[in-house]
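What follows is each chain in one-letter form.
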Amino acid sequence: MGSPRSVSGSRWMLLALFLNLATLVLALFLQEAHLAAAEAAIVLADSGKSPYAIVIAQDASVSTKYGAGELQRFLAKMTGATLPIVTDNEPARDCEILLGASRRLEALGLQIDFQRLGNEGYVIRTIGPKLVIAGGTLRGNLYGVYGLLEDHLGCRWFAPDVSRIPRYSRLELPQINEEKIPVLEYREVYTFDCFDGDWAARNRVNSSSARLEERHGGKVRFAGGFFVHTFDRLVPPSKYFDEHPEYFSLVKGKRLREHTQLCCTNEDVIRICTEEIRRAMRAQPDAMVFSVSQNDWHNYCECPNCQAVAEREGSQIGPVLQLVNRVAEAVEKEFPDKVVETLAYQWTRRPPRNLRPRPNVIIRLCSIECCFAHPLATCSSEANRRFREDVQGWAQVAHRLWVWDYVTNFANYLLPFPNQRVRRENIRFFIAHNVKGIFEQDTYETPHSELAALGGYMTAKFLWNPDYDAEQAMQEFLTGYYEEAAEPIRAYIDLLHDRVEKDDIHVQIYVPVTHPFLTDELLVSANQLWEKAEQAVAGKPEVLRRVRLGRMSVDYAIVERARVAAAAGRLGGSPLADLVKERFAPFMETLGSSGMTHLREGRPLDFPAYRRDLATALKIPE
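Residues numbered from 1 in each chain as written. Predicted model: local features only at pLDDT ≥ 70, side-chain atom pairs only at ≥ 80, totals over all residues. Heavy atoms only, no water.

**Digging into the confidence of the model for the chain**
Alright, step 1. With 94% of its residues at a pLDDT of 70 or more, the chain shows a mean pLDDT of 94.
Alright, step 2. Note that pLDDT drops below 50 for residues 12-19; the model gives that stretch 0 contacts with residues more than four away or on any other chain. (pLDDT = per-residue confidence, 0-100. Contact = heavy atoms within 4.5 Å.)

**Some words on unusual backbone geometry**
Alright, step 1. In this structure, arginine 204 takes a positive phi of about 60 degrees despite not being glycine.
Alright, step 2. Counting through the fold element by element, arginine 204 comes out in the loop between α6 (197-202) and α7 (231-234). (Helix = DSSP H or I, 4+ residues; strand = E, 2+ residues; numbered from the N terminus.)

**Description of the sheet that holds strand β16 (residues 361-366)**
Alright, step 1. Read across the sheet, 6 strands follow the order β11-β18-β17-β16-β15-β14 without closing on themselves; strand pairing throughout is parallel. Edge strands, defined here as strands with exactly one partner in the open sheet, are β11 (186-190) and β14 (289-291). Within the sheet, the average angular offset between the axes of one strand and its neighbour, ignoring direction, is 25 degrees.
Alright, step 2. Pairing geometry for strand β15 (residues 339-344) and β16, over 5 bridges, is parallel. The residue of β16 that forms the bridge with threonine 342 is isoleucine 363.
Alright, step 3. The strands that helix α9 (residues 267-283) touches are β14 and β15; relative to β14, the one it contacts most, it runs at about 150 degrees.
Alright, step 4. Against the sheet, helix α11 (residues 317-331) makes contact with β15 and β16, and its axis sits at roughly 175 degrees relative to β15, the strand it touches most. (Pairing = 2+ DSSP bridges. Axes fitted to C-alpha atoms, helices over the stretch in contact; angles between N-to-C directions.)

**Considerations on the sheet that holds strand β10 (residues 177-180)**
Alright, step 1. The strand order β3-β2-β4-β6-β5-β10 describes an open sheet built from 6 strands, whose pairing is mixed. Both outer strands of the open sheet, β3 (85-87) and β10, are each paired with one neighbouring strand and no more. Each neighbouring strand pair of the sheet contributes to a mean axis angle of 20 degrees, computed without reference to strand direction.
Alright, step 2. Sheet topology note: the strand β2 (residues 53-56)/strand β4 (residues 96-99) ladder contains 3 bridges and is parallel. Residue pairing in the sheet places valine 55 in a bridge with leucine 98 of β4.
Alright, step 3. Strand contacts of helix α2 (residues 62-79): β2, β3, β4 and β6 (130-135), with the helix running at about 170 degrees to β2, the strand carrying the most contacts.

**Observations regarding the pairing of strand β9 (residues 170-173)**
Alright, step 1. Across the two faces of β9 the burial differs, with Leu171 and Leu173 buried and Arg170 and Glu172 not buried at all.
Alright, step 2. By the bridge criterion, 4 bridges tie strand β1 (residues 42-46) to β9 in an arrangement that is antiparallel. Of the residues in β9, the one forming a bridge with isoleucine 42 is leucine 173. (Buried < 20%, exposed > 50% of the residue type's maximum accessible area, 1.4 Å probe, protein only.)

**With respect to the layout of surface pockets**
Over the atoms, a rolling probe the size of a water molecule traces out where space has been left empty.
Alright, step 1. By volume, the largest pocket is sized at about 660 Å³.
Alright, step 2. If you trace the largest pocket, you find 29 residues lining it, with Asn119, Leu138, Arg139, Val220 and Met288 closest to the centre.
Alright, step 3. Here the residues of the lining of the largest pocket sort into 12 nonpolar, 7 polar and 10 charged.
Alright, step 4. Of the voids in this model, the second largest pocket is the one considered here, and its volume is about 320 Å³.
Alright, step 5. In terms of lining, the second largest pocket is formed by 19 residues, of which the most central are Asp193, His448, Ala453, Tyr481 and Leu549.
Alright, step 6. Looking at the lining of the second largest pocket element by element, the count peaks at 4 residues for helix α18 (residues 541-567). (1 Å grid on protein atoms, 1.4 Å probe; cavity = no way out; pocket = protein on both sides within 12 Å on 5 of 7 lines; lining within 4 Å. Points joined across faces, edges and corners; volume = space filled by probe spheres on them. Nonpolar A, V, L, I, M, F, W, Y, C, P; charged D, E, K, R; others polar.)

**Focus: the nonpolar core**
Alright, step 1. Ranked by size, the top nonpolar core spans 191 residues in total, and within it Ile97 and Leu149 carry the most contacts.
Alright, step 2. For this core, the element with the most residues is α18, which contributes 12 residues.
Alright, step 3. Discounting residues that sit within four places of it in the chain, isoleucine 97 has contacts with Leu44, Tyr52, Ala53, Ile54, Val55, Leu71, Leu75, Leu83, Leu131 and Ile133.
Alright, step 4. Membership of the second largest hydrophobic core comes to 10 residues, among which are Val86, Leu98, Leu117 and Ala134. (Core = buried A, V, L, I, M, F, W, Y, C linked by side-chain atoms within 4.5 Å.)

**Examining helix α12 (residues 382-397)**
Every α-helical turn comprises 3.6 residues, leaving residues that sit three or four positions apart pointing alike.
Alright, step 1. Taking 1.5 Å per residue as the helical rise, α12 with its 16 residues ought to reach 22 Å, and the 24 Å between its terminal C-alpha atoms agrees with that figure.
Alright, step 2. What α12 keeps buried is the set Ala383, Asn384, Phe387, Arg388, Asp390, Val391, Gly393, Trp394, Ala395 and Val397.
Alright, step 3. Lining the buried residues of α12 we find α11, β15, β16, β17 (400-406) and α13 (423-432). (Expected span 1.5 Å × (residues − 1).)

**Observations regarding the pattern of salt bridges**
Alright, step 1. One pass over the full model with this rule turns up 51 salt bridges.
Alright, step 2. Arginine 385 is paired through a salt bridge with glutamate 389; the nearest N and O atoms lie 2.5 Å apart. With arginine 385 and glutamate 389 both in helix α12 and 4 residues apart, the pair spans about one turn of that helix.
Alright, step 3. Here arginine 385 falls in the partly exposed class, since its relative accessible area comes to 33%.
Alright, step 4. Judged by its relative accessible area of 42%, glutamate 389 is partly exposed.
Alright, step 5. The closest approach of N and O atoms between glutamate 560 and arginine 563, which form a salt bridge, is 3.0 Å. Pair noted here: glutamate 560 and arginine 563 are both in helix α18, with a separation of 3 residues, about one helical turn. (Salt bridge = Lys/Arg side-chain N within 4 Å of Asp/Glu carboxyl O.)

See the structure below:
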């Protein structure tokens, strides 16, 4: 046994060793914490200066180069620092934003599956002091730029002329490691106010109708003249009917020349359609989608051959799909990157029992008969129940299922339309049923229809990211677009939507001003809320103009319902009697300067005549 002194000395030695180890561990911990903090704190800019450069490949695509310019432009707006754009043949720097595949990116040794990302997917990663944005060369790199700006730096593009670009004295980024691949291959916001190419690209929609150019990475392009309802174009009655009436619909024992469809089982018709589609594909190499689809009316062919196929399939889609499959099969080897599209619309909406669309065939299912005041998935209307059945059926059989959906009132473009709350839920319903592309048909003929900018923004958000918070989408738009007027306008939107939800009122896309979802009392309350909205931004002319354009919806409902009441001799006792006199002149002033060209689909607005006739009906002196 050792002496007390030796035992005590050993204890002191152990204690000293422990303290040394503890000090070392603490130093290592602090070093790791410092390194982690340093890695996390990528400082893109500070006090108007930045050490960073944007690096692209020397042979970068047009859209990647444009994306570099967009990143440079918006970072400069946010921080005051203009980052240089350089190519990967220049010497490397410590602080770089690497945009797209390049030699510099290869040197980092990152494992990025560009094939998985496809044309539009991207990754954003921080590696030490470097920031990587890399995706598909068509649109992926550009979308990655907008993903960084929007999802991480707070930018929003509400309308072509209204955006929110935050300002930073010091711009730091935390560690990022994300991958984004859009669930929808086709995202169309078919709204006049949303056709601007820059707006569409920044909101990451690839709309066929938007003015998207090569710098935006192009778009999902339908062939010119082959967007929809193409039977007459493929086999024109003016060219063929006199000699070959058998090419066209047999209806009640008679071949139709006017408002006809095709006899889809006729071998000559199949041959002609195939030749026309092949010719179009050769002539339009940049186009992706070529429609072989029914004309926009009924009168399907009742000949024995067509009806035998229809009866076998339990749907009039049978003869049409048989034709479409034959055309698609004939062209697929020469054009493996192109697709043939057809509609499941009205009389062709029900899915077939046995036929299956070929892999290069797109079925575009149309929801035209539905109620749009409640979610398609839960609405109690019979029309929506039947549509749900058809969606479920097509989800089982279609390789590529797209949807043609509707988000406006085509009979009255300005009439209040309570469908903002259903937009996200309907898109999510489609995606849950194997839908890969969505065309949202809004007001396409004229600007400034009912809350068009709000609807377009929210729709774009949900098409790109169906999990985007619906409340956030609405509130950020209202606050950014209407500023101090946001609160009363939100109250108006809630007033309208609460009405149809509480009373379970169904609203379709062709409703008159007398539809029961509107009441005179509701319009009186709505008018008061818009009056508060105007007062809230009275000192801001640009915002006030936006509010007045939005208010046209309620004004239109007031004057048109008053017109109906006046014609029936009931205006005198209506709550609108005095209100219509008050709102007539402001409404006419805003409408006359708004640039609106249509109040309903297909009928151009003659403003002087409209004003004159309305004033006469309401007995308002001009």
